[in-house]
Amino acid sequence: MPQQQTSSPDQGQRFDWWAVPAAATASESAAEPLRTAVPAQPTPTRTAPDRPTAVGPDQAFVPDPAFAPDSAFAPDPAFTSDPASDDEPEPEPVAAYEPPVLDSTEVYRAVQASAAFQEIRRSYRAFVLPTSCAFLCWFLVYVAAQAAAPVAMRSEVAGPLNVAWLLGLLQFASTFLLAWLYARNARTKRDRAALGLRWDTQDQLR
Amino acid sequence: MTTVTTMTAVMTTATPPPVAPAGDHHDMAIALFAVVVVVTLGITLWVGRQGNAAEDFYAGGRDFTPLQNGFALSGDYLSAASFLGVAGLIALYGYDGVLYSIGFLVAWLVVLMLVAELVRNAGRYTLADVLALRLRHRKVRAAAGGASVMVTLLYLVAQMVGAGSLVALLLGTGSPHARTWTIVAVGALMIVYVTIGGMRATTWIQIVKAFLLTAGSVLLTVLLLVRFHGDVFELMRQAADHSGAGARYLEPGLKYGATLTSRLDFFSLGLALVLGTAGLPHILSRFYTVPTARAARRSTMWAIGLVGGFYLMAIVLGLGATALVGSAEVRHANSAGNTAVPLLALVLGGGNGSTGGAVLFALISAIAFATILAVVAGLTLASSAAFAHDIWAGAWRGRPRTRRGRIVEKPSEQQEVVVARFAAAGIGAAAIVISLFAQQLNVAFLVGLAFAVAASSNLPVLLYSLFWSRFTARGAVWSVYGGLLPAITLVFFSPVVSGSKEALFPGIDFHWFPLENPGIISIPLGFLAGWIGTLTSAEPADADRFAELEVRALTGAGAA
């Protein structure tokens, strides 16, 4: 089996590769018993386009002795014996390409190591982890304050509104605000990059 | 000490349903109940024919829009306990009812930020799918599937027992037969919805229900605010005047401030609510009904808007019930305050005996009924999916003949769906039987317990799997059981089961755990067990699998 991907699409084309397995999944779900228990096969098709960014140009295909090309591309009985029955049968778009022969593990490791992915993960975690800690603490402090500082909670703010009501309404406000901030952050910082790695075409296909 | 119980409990009180004002509005309510049943059955039969694949049954074909799924999420989440119970609590206990409602909303931030998108990308049908992506071990699937069935069953029984007394209340009958038949009828309907319609019908029922619920709440809120000329402060003042508690009505402590134990209990409940929502199987499986992770995020945003808006309206309605009906009368009609909103509707429509009042009362009662039906259907579906997909096909029939982690000769998805339909019928039947036996018992604590179990067993394993690279299969199994068993054990030895006069078994006393909600202990234990299990694992974490999970979860690569 040739390493068909080496010469195939570069940056601009890469998203189409991602769309293929998704389309297959959508239409062929019944034929694919348990996707999660099966190393995804179609996805390897996109290795090549992704590889260069992943581990650097030089290492594109032999990044690590453990992933020697032979072991990676040699037909593995478990995978090649029934390429189309157990796993997703490839629909016509895939037929245009060679059947996937890369080991999916290798692909995921490479993508994981890629700068693009690292940046997505960093921006996701950098927003989500501190924010989650903050709102959980803010909520627990609010609940605990009812017991810890009942007098302060009773002091009046405006009309019948006291501190306790104000903090309660602030919980509503902060929840809405954080949800909006998260969505905005994901939209502006992460979505495009993640789309770059996969999704755009799939969205349009649906 | 009984505080948390009654509040979680919302609708289940062992007290006999009081005599609600009899008359036209109950007849009209019965008619509208029938309309609800006919419409939901129609939806089921109509949508149920659109597909029979596993993707249709478990995930509704994955083609719902974010707006639709947002409504469905809020429909799944806002049980009758929320609709009638939270407003009733506010009507009776003022600010402390508000305090109770906030945990339900804040919980959605956990869902939004840590769970929704990643679960959508990494899983197919259930929570265990996400774990199985990196921990391909049948024990993990069995543990997670079992915990999911447990959580949904606890919640289901609480809902159905509540439904029995609630419907009897709304129909103005105190007869035990009415309750029994309500439970049987609700159970039979939910089985029909799920077995015939699967996720697609269930989702549409949720959407219709959430729309009705929102519309009904908006209608009542507008009528109420018009009556008060938009002056919320005046509403609060009048509510305090008619609450029988005066200024204390608007201050914390009317319900949860009695003793240190009850405060700690409330803290425990708050923790369980905030962390449990993200582990509820019927909420998680909703994210599979949309095509992408972005759609999952957007639907969560809609759900946050709808749930938040709903609770804000519930506060206004609770205050309104106190101001216009009065706490004493609300309590007289039902000691847990469940009829506060229907009674308020009666007053807003023109009072007892008026046509407007009768129509509004019947309308609100019918919405509450639709709420019950929709929530139990969602729970039954999630439960049957966990059983068929995780326990049966994943753990039991997922033959151990693995090659490079690949499981061979598993049952087909078609077989799996057949099993899931039977499982829905079986679980539904079990829930009916348990609920019939439990209907005279005070099972109110089950809602809080379901959240506590979800937070102690489902959430730790989910977060560890998604975020911790060194997490192992052993850690996963430990974390599920390490949260589940303490939660159940602690509740068994708590005052809700024995040793208090509102306990499950009031006659005997073997309790030693002082709190009614185990969350404050069992949630940390779940996380701790997962951590220790991982550290003591003989086999190291599989970095390849984690890479796959991480890449798929964050980018959506290969998502179903």
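Definitions and cut-offs
Residues numbered from 1 in each chain as written. Chains lettered and ligands numbered in written order. Predicted model: local features only at pLDDT ≥ 70, side-chain atom pairs only at ≥ 80, totals over all residues. Heavy atoms only, no water. Helix = DSSP H or I, 4+ residues; strand = E, 2+ residues; numbered from the N terminus. Buried < 20%, exposed > 50% of the residue type's maximum accessible area, 1.4 Å probe, protein only. Contact = heavy atoms within 4.5 Å. Areas by Shrake-Rupley, 256 points an atom, 1.4 Å probe, with all protein chains shown as cover. Axes fitted to C-alpha atoms, helices over the stretch in contact; angles between N-to-C directions. Left-handed = near helix turned anticlockwise from the far one by under 90°. Nonpolar A, V, L, I, M, F, W, Y, C, P; charged D, E, K, R; others polar. Buried area = accessible area lost by both parts, 1.4 Å probe. Salt bridge = Lys/Arg side-chain N within 4 Å of Asp/Glu carboxyl O. Patch = residues over 30% accessible without salt bridge, like charges linked within 9 Å, V, L, I, M, F, W, Y side chains within 5 Å. Expected span 1.5 Å × (residues − 1). Parallel < 35°, antiparallel > 145°, perpendicular 65-115°, else oblique. pLDDT = per-residue confidence, 0-100. Lys, Arg positive; Asp, Glu negative; His and termini not counted. Charge placed at Lys NZ, Arg CZ, Asp CG, Glu CD. Phe/Tyr/Trp six-rings, centres within 6.5 Å; stacked < 30°, edge-to-face > 60°.

**Re the overall build of chain A**
Phase 1 of the analysis: A count of helices and strands for chain A gives nine helices and two strands.
Phase 2 of the analysis: The linear arrangement of helices and strands in chain A, starting from the amino end, is α-α-α-α-α-α-α-α-β-β-α.
Phase 3 of the analysis: A total of 206 residues make up chain A; the buried ones form 51% of that total.
Phase 4 of the analysis: The long-range share in chain A, meaning contacts at least 24 apart out of those at least 6 apart in sequence, stands at 77%.
Phase 5 of the analysis: Carbon and sulfur atoms form 63% of the exposed surface of chain A, whose accessible area is close to 9100 Å².

**Here's the deal with the side chain of B:Thr44**
Phase 1 of the analysis: Position of B:Thr44 among the secondary structure elements: in helix 2 (residues 24–48).
Phase 2 of the analysis: Those residues in contact with B:Thr44, other than ones at most four positions away along the chain, are B:Val192, B:Tyr193, B:Ile196, B:Gly197, B:Ala201 and B:Ile205.

**Thoughts on the packing of helix 7 (residues 127–134) of chain B against helix 18 (residues 445–467) of chain B**
Residues and elements named next belong to chain B.
Phase 1 of the analysis: Where helix 7 meets helix 18, the axes come as close as 10 Å, and the angle between the chain directions of the two elements is 40°. Read as a crossing pair, helix 7 and helix 18 show a hand that is left-handed. Residues Leu 127, Val 130, Leu 131 and Arg 134 of helix 7 form the contact with helix 18, whose own contacting residues are Asn 458, Val 461, Leu 462, Tyr 464, Ser 465 and Leu 466.
Phase 2 of the analysis: Of the residues in the contact of helix 7 with helix 18, the class split is seven nonpolar, two polar and one charged.

**Some points on the interface of chain B and chain A**
Phase 1 of the analysis: Between chain B and chain A, the contact holds 79 residues from the first and 77 residues from the second.
Phase 2 of the analysis: Between chain B and chain A lies a buried interface of about 7200 Å² when both sides are counted; carbon and sulfur atoms form 67% of it.
Phase 3 of the analysis: The interface formed by chain B and chain A contains six salt bridges.
Phase 4 of the analysis: The partner of A:Arg190 in a salt bridge is B:Glu117, and the shortest N-O contact between them spans 3.6 Å.
Phase 5 of the analysis: Considered class by class, the residues forming the side of chain B that touches chain A number 45 nonpolar, 13 polar and 21 charged.

**Things to note about a nonpolar patch on the surface**
Residue and element names in this part refer to chain B.
Phase 1 of the analysis: Together, Trp 478, Ile 521, Leu 525, Leu 528, Trp 531, Ile 532 and Leu 535 line one region of the surface with nonpolar side chains, adding up to about 590 Å² of accessible area.
Phase 2 of the analysis: In terms of residue count, helix 20 (residues 519–535) provides more of the nonpolar patch than any other element does, six residues in total.
Phase 3 of the analysis: Looking at where Leu 528 falls in the secondary structure, it is placed in helix 20.

**Regarding helix 13 (residues 293–325) of chain B**
Along an α-helix, residues three or four positions apart point the same way, because every turn accommodates 3.6 residues.
Phase 1 of the analysis: Given a rise of 1.5 Å per residue, 33 residues ought to cover 48 Å, and the 46 Å separating the end C-alpha atoms of helix 13 of chain B matches this to within 8%.
Phase 2 of the analysis: Helix 13 of chain B sits mainly inside the fold: 26 of its 33 residues count as buried.

**Some details on the packing of helix 9 (residues 176–227) of chain B against helix 13 of chain B**
Between two packed helices, both the angle of their axes relative to each other and the distance between the axes serve to describe the pair.
Residue and element names in this part refer to chain B.
Phase 1 of the analysis: Across the interface, helix 9 lies against helix 13 with an axial gap of 9 Å and an inter-helix angle of 45°. With respect to helix 13, the element helix 9 is oriented oblique. Like other packed secondary-structure pairs, helix 9 and helix 13 cross with a definite hand, here left-handed. Between helix 9, through Leu 213, Thr 214, Ser 217, Val 218, Leu 220, Thr 221, Leu 224, Leu 225 and Arg 227, and helix 13, the contact on the second element is made entirely by Leu 306, Phe 310, Met 313, Val 316, Leu 317, Gly 320 and Leu 324.
Phase 2 of the analysis: Looking at the contact of helix 9 with helix 13 residue by residue, the class counts come to eleven nonpolar, four polar and one charged.

**Description of the confidence of the model for chain B**
Phase 1 of the analysis: For chain B, the mean per-residue pLDDT works out to 87, and 94% of the residues sit at or above 70.
Phase 2 of the analysis: In the model, residues 1–22 of chain B has pLDDT below 50 throughout and makes 77 contacts with residues more than four positions away in sequence or in other chains.

**Details of unusual backbone geometry**
All names here are of chain B.
Phase 1 of the analysis: One non-glycine residue, Arg 62, lies in the positive phi region at around 60°.
Phase 2 of the analysis: Locating Arg 62 in the fold gives a position in the loop between helix 3 (54–59) and helix 4 (66–77).
Phase 3 of the analysis: On the basis of relative accessibility, which here comes to 1%, the residue Arg 62 falls in the buried class.

**Some points on the environment of B:Gly279**
Phase 1 of the analysis: Examined against the element boundaries, B:Gly279 turns out to sit in the loop between helix 11 (260–276) and helix 12 (281–284).
Phase 2 of the analysis: Not counting residues up to four positions away in its chain, the partners in contact with B:Gly279 are B:Leu284, B:Ala454 and B:Asn458.

**Regarding the environment of B:Ile364**
Phase 1 of the analysis: Tracing the backbone shows B:Ile364 in helix 16 (residues 355–396).
Phase 2 of the analysis: Considering only alpha carbons, one finds B:Ile364 and B:Leu213, 151 residues apart in sequence, at a separation of 8.4 Å.

**Quick look at a positive patch on the surface**
Phase 1 of the analysis: Residues A:Arg184, A:Arg187, A:Lys189 and B:Arg298 make up a contiguous surface patch of positive charge.
Phase 2 of the analysis: When residues of the positive patch are assigned to their parent elements, the largest contribution, three residues, is made by helix 9 (residues 163–205) of chain A.
Phase 3 of the analysis: Following the sequence through the fold, B:Arg298 ends up in helix 13.

**Digging into the packing of aromatic side chains**
Residue and element names in this part refer to chain B.
Phase 1 of the analysis: As enumerated under the stated definition, the model contains 24 aromatic pairs over all chains in all.
Phase 2 of the analysis: Measuring from centroid to centroid gives 5.1 Å for Tyr 77 and Trp 108, while their planes differ by 85°, and the two rings are edge-to-face. One end of the pair, Tyr 77, is in helix 4; the other, Trp 108, is in helix 6 (residues 95–122), with 31 residues separating them in the sequence.
Phase 3 of the analysis: Classification of Trp 108 as buried rests on a relative accessible area of 0%.
Phase 4 of the analysis: A centroid spacing of 5.1 Å and a plane angle of 35° characterise the contact between Phe 492 and Phe 510, whose relative ring orientation is tilted. Here Phe 492, found in helix 19 (residues 473–492), pairs with Phe 510, found in the loop between helix 19 and helix 20; they are 18 residues apart in sequence, far enough to count as distant.
Phase 5 of the analysis: Residue classification places Phe 492 among the partly exposed residues on the basis of a relative accessible area of 41%.
Phase 6 of the analysis: Taking the relative accessible area as the measure of exposure, Phe 510 reaches 28% and is therefore partly exposed.
Phase 7 of the analysis: Put simply, the rings of Tyr 77, Tyr 100, Phe 104, Trp 108, Tyr 155, Phe 310, Tyr 311 and Phe 451 touch in pairs and so form one group of aromatic residues.

**Details of the pattern of salt bridges**
Phase 1 of the analysis: Counted according to the given criterion, the structure contains 19 salt bridges over all chains.
Phase 2 of the analysis: Between A:Asp191 and B:Arg297 there is a salt bridge whose closest N-O contact spans 2.7 Å. With one member in each of two chains, A:Asp191 in helix 9 and B:Arg297 in helix 13 form a pair that bridges those chains.
Phase 3 of the analysis: Residue classification places A:Asp191 among the buried residues on the basis of a relative accessible area of 8%.
Phase 4 of the analysis: For B:Arg297, a relative accessible area of 5% corresponds to the buried category.
Phase 5 of the analysis: Shared partners join several salt bridges into a network, and the residues in it are A:Arg190, A:Asp191, B:Glu117 and B:Arg297.

**Here's the deal with the confidence of the model for chain A**
All names here are of chain A.
Phase 1 of the analysis: Per-residue confidence for chain A gives a mean pLDDT of 62, with 46% of residues at or over 70.
Phase 2 of the analysis: Of all secondary-structure elements in chain A, the lowest mean pLDDT belongs to helix 2 (residues 47–55), at 37, while helix 7 (residues 115–148) reaches the highest, 91.
Phase 3 of the analysis: In this model residues 1–101 is a low-confidence stretch, pLDDT under 50, and it forms 180 contacts with partners more than four residues away in sequence or in other chains.
Phase 4 of the analysis: Across residues 200–206 the pLDDT falls below 50, and counting only partners more than four positions away or on other chains, this stretch makes 16 contacts in the model.

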